[in-house]
Amino acid sequence: MASGAVDFSGKEACDRILTWGSDAALPANHSMSSDPLPRSPMLVRVVSAPTTAVRPSVEEAVQNYKDKYSLLRPHFVIRDFARRVLSRHIVNSSILVIGADLRTELANVEHSSSWEEASGQFSLSATFASYATSEGHSVHTIDTSACTKNETMLFTVDDWWQSFDDTRALTRTHTAAAKRPQCWWQSNQTARPSWILSAVFDVPFGQQDPIWRQSTKFMLESTVTYTVVAMHSRLNQHGSILMDGLAAAKALLSRRYKLQVLLVSHYHPDDGEKNDVAFDKYGPNALLLTSHDVEDLLRWGAKAAQRYGGNYAPFKAYVFATQGLDLAIPSMQVYLTKDTSVQDSEGAQTREKKPLQLKPCPQATLPRPISLSFGTMDGEEVLRVGLQTNNTETQRNMLSSKIGAMSGHAPMARNQSEWTINASSHDMKVWYNGNDIGSSEAICLTLLNRSRCTTRIIPEAPSLNSTNERPNILLLLIDPISRGFFERSMPLTRQKLRELEFVHFSKFTAVGANSGPNQAALYSGIPLTRRDGINKNSERRWLWDRLRQSGYKTLKAEDGCIENSNMVQSLKPNTTHGEALNRLFCFDFDRPNCVGPDLASRHLLNYGEQFVKAYQGVAPWAAFLHFVDTHEDTMILSSSLDSQVPSFLEGLHRDMRFENTVVVLCSDHGLHYGPYFQARSGRKERSQPLLYIRIPSSLEPRIDMEAFTENSQLWTTAFDLHETMIQLTSKSKIDNKHHQKFSGGKSLFEALPSTRGCCDDTTDIPSEYCTIAKTESSNQCVRIPNPPSLLSFLADIPLSNRPNFKAICTGLRESTPSEPSLLKVCECATSHRDWHMCTGHPWGINGVLSQDFPEEHFALMKCRGEKPSIDTRIIKQHELLSAVSRSRGKALKPNILLIEVDSVSTAYADRHFPLTRNFLKAHKPRRSTKGEARCDGEICAVDFNLVGLLGANSIANEIPVLSGCMVTRFHSDCFETSGKKDLCSEVGMFTARGGKGCQMCPSGTFLKDPLSPCFDSASICCTRNFEGSNRTKVCSSSSRREHGLQLFRRDRQGDAVWCPFGDGSPFLFDVAKERGYLTLFGQEACGDWILGPEKNKFPLHADIDVHKLYCRTKEKFAGQVGEAHLNQQCSRQRFSIGKSINPLMDHVRGMWDAYPEHTKFAYIMHEVAFHEPGQDWTKMVARSEAYDLQLLEFLLEILERGGRSDTVIILRSNNGLHDGPTTPEYSVQVEHRDPWTQVIFPQMSNWVSIQTAVENQDRLVNGFDLYRTIRDLMGGTGVLEATPDPATPGRSYNILNSLIPEGRTCVDAKIPVDFCPCEGEVERPPSYGVCDPFDPYSDLFCLGD
C-alpha cells in the first residue's frame, strides 16, 4: 500500500467525510494516474507493500470535502433557536411540529450520536421535534406526507385543532381519513394543548397555503408564543413568481404577530448599493410589517435563487412570528445606534454607566410630524390634528366626534371604531376606544404614513364609600427583570430610587417560572397550579376588584400588544381605567417598542400620570403599570426605561403626588428563557426578581418601620407583597383580619418569623430556587452553550447560494514579474533590501526561478503604469544549517508548525471554516470497545474544548504560548517601594544624557533592569539578551496572578511582562534555535513583533522572517491597494509558477520543501482576514470561508510533504473577537472566551500519548500548557552542552503527554476571572462590551482589576 492512502470505504467518497491516510480500496472509477502533488518535485513516494489504492491529489481531496459540505442542511440557526426557546420549561408547555416524512426522519434522528450531529443531517422539523422531546416538552407532530392524497392536502390547521373536540363537526369531509395515527400524533398528552410554546410549519413548496387556508379557529383560540413558517417562491416559465406561505403570513398578521426573517436559502446583496441594504431588508430579523413586505421578500428570494440556481430554482425562507418583542436571532445591533458607547449621565465614559444608546422610533426621525390632541369646537368634542407643512408652519384641522369627518370629508369605512377618512386626497386612519371621540380616552391617527396617539383620563365620580384616609398605591412592574440585570442595565433608575429613599428587598424571590404564578400571587394571593387555572379558580379574587369595590379608583395596563395569551393580561381586569389602552399598543408597532414616533412605555407613563393627576385628593387610587419592554432576550430594551422611569418618579415627587402614596417598583421574575438562561447564573437570576418600596412620611407613624426595614433583608415573595397591599388598603383592621389567606404570605409591616432567614424554610419558594441560590462552586469546568449569532444566518446559506469572496490578487499585477523592464521606471524591494530603483526583477532575468540572492525569500516589484507583483521562494542555505543539528533522526524531534488565526472562536470556526473543521473531525480520536483511543488514518486531530484565556487580546494570549510568560498591567504592589520614582523607567524607557528626556530602547532591545532608573545611553541601559535570575524582580504579592514570576520588562502602555524564574531566554524562537531547529516567523501585519515595534516584547531572531513583506507592501501599496487587501497579496512560488494568495503559507511550503531532513519550527499568524470590526457581515464571512479553503489545502499539502509522520501542527486562535461595535453582543462576549484550539499529530509517534490527549480535550487548558507542550516536543537539551535550559511555567502541563487534573480551576491555571470559561466557578452575566484591562474603555467591563 502507498504510504498514506485514502480511506474510500463504504459508498461513494462524497457520502462520508474523507479520512486522510487510512487503508482501504478506492472506488472503481477512481483514476490511478493522478499525481498526488504535482507542485512538489522533491517529493518521493515510498511504497511499503503492493496495493491498488492511491492517495488522491490535494485538489481531489479538497473537492471531496467541498462536495461533502454541500450536502449538509441548514442547522446553526435552528440549533440556536431550539436551545434558546426550548430551555423555557414551564408546566404544560407543548410544541407543534408540521413537516414532511417526519416519521422516517424522526426514526433516523434517534440513531444519531447527538442532536447537534443530527441537526446537520436531517430536516429542520425533525431535529426540532427531537430536541423538544429530549427537553421534556409535549410534542404534537403532523406528517404532511401521510396527510396528502393525490398531492392534495387532507387537513388544515383548524382540522387538527378541532380534532381534540369530538362534539364539534369536522370542517372537511375527508378530515376523518386524515385523522388516522400515521397523520398526526403526540408524545405524552391527548388533550388540546392549553399553551403552545413553539409551532414549526416546515412543509414543502405548495403545502403551506392549503394548511393555513382554514386557520381562523386555531388563531383565535390557541396560545402560541413562537411560530416558524417555511415560505417558498420561484420564477415560473412565464416569468411570474409563484409564492407559497402568504396565507400563513396574513393569518399571523391579522392576530398582531410580528413577522421577521429567521433564515433564507439564497442571499444576494442589492446591486449598485455601497452598503448591503439587502441585509437590513431581507437578512436576519428583518421586520415584515405587512403582507406586501412578505411578498417583497419572496420576490427578492426568487430572483436570488434564479441568480445562483438557474431558472425555476426554488427559494425558501423561514419566517419567525411572535406577538412579543423577541427577535428571530437575538442581536443588540438591531436596536443600537451606530458607534454607541457606555457613558454616565454627563457623557463621560465611566464605571457608573448608563446603557448603550438605542435607535429612536423610526417615525421620530421623519420630517413633517403630526400632532394630536383632544379639544372642543362650538361646544363639541373634537380631535385637533396638526400637520407640519414644508414651510414648518402647522396646518391644523378639527375631527368632529359626531360626523367623523375632517374638513368636511365624509368617512369611507368604519370597523370597530377604526375609520378611514379621505383627507385632501390622503388616506387617514383613525382609531379610538370608545363609541365616539367624546367618550374615548385613547385615540390614534395615521396620515401620510405617519402615526400619532394620545390619551386622557375621563374622571369617574368618587363612590360614596371612598375615603382619602387610606393610602394610594402606585405599582410599577417590569416584566421580567432580575435584581442583577436591573443593577447592570438601569443605573439611572437605581440612583433615583436611592435619592427618593426606597427600601430595597434584597432577597425577594419568585414563586414560579413565569409571569402567571408570580402575578397570580401578587394580585390574588392564591397559588397558580395550572396555566389555565388563572380563569377557573372561583375563590380567586383579584386585588383590583377588592379595591374598586372598597372605593378605590383603579388602573391596570401594560405597554405590549399580546392578544393570544391566557395569562393575567388576558383577564381584561375590571378596573376604572386601562381598557382604553388595550389596542393602542397594537395600533402601529415598530421597533424598538414603538407606537408611531413614541415609545410604548412613554404612552403608558403619560396615561399613568394623567390618572394620578385626575384623582389625587379626590378619591383613593391604585395604579398598576406593567412594562413588557424587557420581555425579550437581547437584554437591551431595558435601556428604554432607564431614562423614563426616573423622570416619571421625579415628576410625581416634585408635584407632591407622593403624599399618602405607597410606591412599589418590582418585577415578577427574572428572564426565564433565552441565551443567558442557558448559563447557571442566568437560571439563578430567573428566581431573583426586583422589589423596592417607598413609604410616605405621612404613613410611617401608622406602621412598624423597624420591622419593615428588617424584613427587607429576609426572604420574601409576591405573597408577602400581596398581604402588604391588603393591609394598606383595608378600611379597618377588622376587614384585614377577615381576609382569607391561601398561602404563607405575611405583611411586610409585621415582623417576619425567624425561619425567613433561610430560603429553604420560607414557605412558597420552590426548593430548586433555593438550591441554585446557594453559592456553590463546581470542581468540573463546564462551558455554557454558545448564544445565537447573526453570523449563523449566513453560515446556513449554502456557499453556492450566495456571494463568495474571490481569491484574487486585488490591486496586483498579473503579468509575469520576471520580465525585464529596461525601458520602464521601476522600484523593487526584497526581504533583505529596502525599496530601491530598478530596471528589472531584483533576482535577475530568471526572476523567481533564479538562484541569485539565495538568502532572500520574497521580492516585490512596482513599475510605473503597472500593478505591483510579489514573488516568494525558499532556497536551501547551508550556512544556516551550520548552526543547527544536522541529524534530526538522532534527536527524534518533530517538526512543529504553529498556526495562529487571530480572533476566531470555536463557534466561529464551526460556522465559517467548515471544510477545515470537517477534515479535522474526521481524524478525531475515537474510543474502542476496550476504551483505547484510536484515529482514522495516520494522523490524529484533538479538539481541546476548554481553553482559558490569559488575557483579553492577541498579545496577552500569544506571549504565554510563545514564551511561557504573562502580560499584565504593571502592579507596583508586587514589590516593596523604595527610592525615588522615575517616570522614564515606569514606562519602560531610560533617561538619556544631555537632558534629552525619556528614550525608548532601540528596536530589538529592552531595559536591563525594568525596576531601576537608568541615566545613560542606550548601549548602557539596554540589552538584547534575557537577563539571568534576579530575585529582586520576582513579584512577592500572593494576591497577584504574577506572584512568583520575574519581571522581564515594562513598556510605555503600562504593560508588564513576567516570566518564570530562571536563566536563559524562554522565547520559543531562541529555545528552538538552541535545540537545533530552523525557524520561521510570519504574521499578516507590519512590526518587529505583535502590534508594532513599540510592543516588541522579545527580540526576534528567526531564520526566515516573513513579516517584513507586510511592512514593504504597506510602505508602497497601502494607498493604492488599500489596507483591507494587504492580507490578499498574491505571490509566485519557486516550485509553482502560478499565483497564491497567502504568502505566509507559501513560505512554510517552501521551507518544508527546501529543508526536508531538518527539524523546523514555524509560527504564522493570520491577523487581518477575520478581524473585521465593522458590520459588513457578508464580506467578513465570505473572506473567512475563502481562507478556510486555503487552510484546508495548506494542511493537506503539509501532510503530503511528510507531515503525517514527522510534524505536530498546533492550530489555534488567541481569543475570540474582542473589539469593534459587535462586542455588546452576548454571543461575542461568550465566544471571546472560547478560542479555537486543535492539535494534529502522527498517530504512530513517540512524542504523544493519544490516550492522554483524549482525556485532556475536555479539561481546562491555557497558553502556558501549550508552551510547555512545545518545549517538551523540542527536547530538553541544546546543541551546546553549556546552553541554559529556561524555566517553564509552574502548574503547566504537556497536554499531549501529561494528564491534567480533572478538577483544575481557573485559579489553578492562573486564568483571570474575566476570562474564566467555567460557569460553575465564575458568574459572568451579559455586559455591554468585552473586558480588556489594557484598553481604558473596555476596562469598564472587567470584573477583576
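Residues numbered from 1 in each chain as written. Predicted model: local features only at pLDDT ≥ 70, side-chain atom pairs only at ≥ 80, totals over all residues. Heavy atoms only, no water.

Enquirer: Got a minute to help me understand the overall build of the chain in this structure?
Expert: The helix and strand tally for the chain stands at 38 helices and 50 strands. A burial count over the chain gives 61% of its 1345 residues as buried. Of all intrachain contacts in the chain linking residues separated by at least 6 positions in sequence, the fraction that spans at least 24 positions is 73%. Accessible surface, the chain as shown: approximately 51700 Å² in total, 49% of it carbon and sulfur. (Helix = DSSP H or I, 4+ residues; strand = E, 2+ residues; numbered from the N terminus. Buried < 20%, exposed > 50% of the residue type's maximum accessible area, 1.4 Å probe, protein only. Contact = heavy atoms within 4.5 Å. Areas by Shrake-Rupley, 256 points an atom, 1.4 Å probe, with all protein chains shown as cover.)

Enquirer: So what exactly am I meant to see when it comes to the state of the cysteines here?
Expert: Per the counting criterion, the structure on display carries 16 disulfides. The disulfide partner of Cys561 is Cys586, and the S-S distance across this bridge is 1.8 Å. Here Cys561 and Cys586 share a disulfide; its torsion about the S-S bond, 105 degrees, makes the bridge right-handed. Of this pair, Cys561 sits in the loop between strand E22 (553-558) and strand E23 (589-590) while Cys586 sits in the loop between E22 and E23; the two residues are 25 residues apart in sequence, bridging distant segments of the chain. Neither residue differs from the other here; Cys561 and Cys586 are each classed as buried. For the unlinked cysteine Cys758, the closest cysteine sulfur is that of Cys759, found at 6.8 Å. (Disulfide = S-S within 2.5 Å.)

Enquirer: Would you mind showing me how to read the sheet that holds strand E28 (residues 691-694) here?
Expert: Ordered by their spatial adjacency, six strands build an open sheet running E21-E28-E27-E20-E26-E22, and the pairing between neighbours is mixed. Edge positions in the sheet fall to strand E21 (503-504) and E22, since each has one partner strand and no second. Of the pairings in the sheet, the one linking strand E27 (residues 661-667) to E28 comprises four bridges and is antiparallel in character. In the sheet register, Val663 faces E28, and the bridge partner there is Arg694. Helix H15 (residues 515-524) contacts strand E20 (472-478) and strand E26 (621-627) of the sheet and is inclined by roughly 175 degrees relative to E20. Lying over the sheet, helix H19 (residues 644-654) contacts E20, E26, E27 and E28, oriented at roughly 170 degrees with respect to E20. (Pairing = 2+ DSSP bridges. Axes fitted to C-alpha atoms, helices over the stretch in contact; angles between N-to-C directions.)

Enquirer: What should I look at first to understand the sheet that holds strand E42 (residues 1046-1050) in this one?
Expert: Two strands in a sheet stick together by hydrogen bonds in their backbones, pointing the same way (parallel) or opposite ways (antiparallel). Pairing is antiparallel in the open sheet, where three strands are placed in the order E37-E43-E42. The strands lining the two open edges of the sheet, one partner per strand, are strand E37 (966-969) and E42. Ignoring which end each strand starts from, the neighbouring axes of this sheet average 35 degrees apart. Here four bridges tie E37 to strand E43 (residues 1055-1059), and the two strands are oriented antiparallel to one another. Directly across from Met966, in E43, lies its bridge partner Trp1058.

Enquirer: Would you take a moment to explain the nonpolar core for this structure?
Expert: Formed by 201 residues in total, the largest nonpolar core has its most connected members in Trp212, Leu259, Leu474 and Ile899. No other element matches helix H35 (residues 1177-1206), which puts eleven residues into this core. Excluding its chain neighbours within four sequence positions, the residues that come into contact with Trp212 are Val157, Phe201, Met219, Val229, Ala247, Ala248, Ala251 and Leu252. Core analysis: the next-biggest nonpolar cluster, separate from the first, contains 52 residues, Val961, Ala1072, Leu1100 and Tyr1267 among them. (Core = buried A, V, L, I, M, F, W, Y, C linked by side-chain atoms within 4.5 Å.)

Enquirer: Just checking my understanding: could you explain the environment of Val612 for this structure?
Expert: Looking at where Val612 falls in the secondary structure, it is placed in helix H17 (residues 600-615). C-alpha separation for the pair Val612 and Asn472, spaced 140 residues apart in sequence, amounts to 9.5 Å. With sequence-adjacent residues up to four places away left out, Val612 is seen in contact with Trp621, Leu652 and Arg657.

Enquirer: Looking at this structure, I do not really get helix H14 (residues 491-499). What am I missing?
Expert: An α-helix turns once every 3.6 residues. As a result, residues three or four positions apart point the same way. Taken together, the buried positions of H14 are Pro491, Thr493, Arg494, Lys496 and Leu497. Considering only its buried residues, H14 is in contact with helix H13 (483-489), helix H18 (639-642), H19, E27 and E28. Just beyond H14, the residue with positive phi is Glu501, at close to 65 degrees.

Enquirer: It is not clear to me how the packing of helix H30 (residues 954-963) against helix H38 (residues 1263-1274) should be interpreted in this structure. Could you clarify?
Expert: When two helices pack together, their arrangement is given by the angle between the helix axes and the distance between those axes. Interhelical geometry of H30 versus H38 gives an angle of 25 degrees and a closest axis separation of 6 Å. By the angle class used here, H30 and H38 are roughly parallel. H30 and H38 meet at a crossing whose hand is right-handed. Contacts from Pro960, Val961, Leu962 and Ser963 in H30 reach Gly1263, Phe1264, Leu1266, Tyr1267 and Ile1270 in H38. Per-class residue counts for the contact of H30 with H38 are seven nonpolar, two polar and no charged. (Parallel < 35°, antiparallel > 145°, perpendicular 65-115°, else oblique. Left-handed = near helix turned anticlockwise from the far one by under 90°. Nonpolar A, V, L, I, M, F, W, Y, C, P; charged D, E, K, R; others polar.)

Enquirer: For this particular structure, what's the right way to read the pattern of salt bridges?
Expert: Where charged atoms from two side chains of opposite charge approach closely, those side chains can pair. With the rule as written, the count across this model stands at 38 salt bridges. Note that Arg452 and Asp598 form a salt bridge whose closest N and O atoms lie 3.0 Å from each other. In this pair, Arg452 is assigned in strand E19 (residues 450-455) and Asp598 in strand E25 (residues 598-599), connecting sequence segments 146 residues apart. Residues Glu609 and Lys613 are paired through a salt bridge, measuring 3.4 Å at the closest nitrogen-oxygen approach. Here Glu609 and its partner Lys613 are both found in helix H17, four residues apart, which amounts to about one turn of the helix. For Lys613, a relative accessible area of 42% gives the class partly exposed. Here the salt bridges share partners, and the residues they tie into one network are Asp910, Arg917, Lys921 and Asp943. (Salt bridge = Lys/Arg side-chain N within 4 Å of Asp/Glu carboxyl O.)

Enquirer: Where do I start with unusual backbone geometry in this structure?
Expert: For residues besides glycine, phi is generally negative; the peptide bonds are generally trans as well. With omega at -10 degrees, the peptide bond leading from Asp479 into Pro480 counts as cis. Checked against the element boundaries, Pro480 lands in the loop between E20 and H13. Positioned with a positive phi, Glu501 is a non-glycine residue whose angle comes to about 65 degrees. Of note, Glu501 is situated in the loop between H14 and E21. The residue Asp764 is not glycine, and still its phi comes out positive at about 85 degrees. Its place among the elements puts Asp764 in the loop between helix H23 (733-737) and helix H24 (767-773).

Enquirer: Help me out: how do you make sense of the packing of helix H3 (residues 102-110) against helix H5 (residues 124-134) in this one?
Expert: The contact between H3 and H5 brings their axes to 9 Å, and the two run at 55 degrees. Taken together, the axis directions place H3 and H5 in an arrangement best described as oblique. The element H3 and its partner H5 pack so that their crossing is right-handed. Between H3 and H5, the residues in contact are Leu102, Glu105, Leu106 and Val109 and Ser125, Ala126, Ala129 and Ser130, respectively.

Enquirer: Teacher, can you tell me more about the packing of aromatic side chains here?
Expert: Both the distance between ring centres and the angle between the ring planes are used here to describe each pair of aromatic rings. A complete count under the given rule lists 36 aromatic pairs for this structure. Here Trp300 and Phe315 contribute two aromatic rings whose centre-to-centre distance is 6.1 Å and whose plane-to-plane angle is 85 degrees, an arrangement assigned as edge-to-face. With Trp300 in helix H12 (residues 291-309) and Phe315 in strand E11 (residues 315-322), this residue pair connects regions lying 15 residues apart in the sequence. Each member of the pair, Trp300 as well as Phe315, is classed as buried. Between the aromatic rings of Phe1069 and Phe1081, the centroid separation amounts to 5.6 Å while the plane-to-plane angle is 75 degrees, which identifies the pairing as edge-to-face. Of this pair, Phe1069 sits in helix H32 (residues 1068-1074) while Phe1081 sits in strand E44 (residues 1078-1083), and the two are twelve residues apart along the sequence. Each member of the pair, Phe1069 as well as Phe1081, is classed as buried. Each member of the aromatic cluster is reached from another via a ring pair, and the members are Tyr267, Phe279, Tyr282, Trp300, Phe315 and Phe793. Over the face of the ring belonging to Phe374 we find Arg456, whose NZ or CZ atom lies 3.9 Å from the ring centre. (Phe/Tyr/Trp six-rings, centres within 6.5 Å; stacked < 30°, edge-to-face > 60°. Lys NZ or Arg CZ within 6 Å of the ring centre and 35° of its normal.)

Enquirer: Where do I start with the pairing of strand E49 (residues 1207-1212) in this structure?
Expert: Residues in a regular strand point their side chains to alternate faces of the sheet. Burial runs high along E49: six of the six residues are buried. The two faces of E49 match: Thr1207, Ile1209 and Leu1211 on one face and Val1208, Ile1210 and Arg1212 on the other face are all buried. Across six bridges, the pairing between strand E33 (residues 895-901) and E49 is parallel. Along E49, the bridge assignment pairs Leu898 with Ile1210. Here four bridges tie E49 to strand E50 (residues 1237-1242), and the two strands are oriented antiparallel to one another. What sits directly across from Ile1210, in E50, is Val1239.

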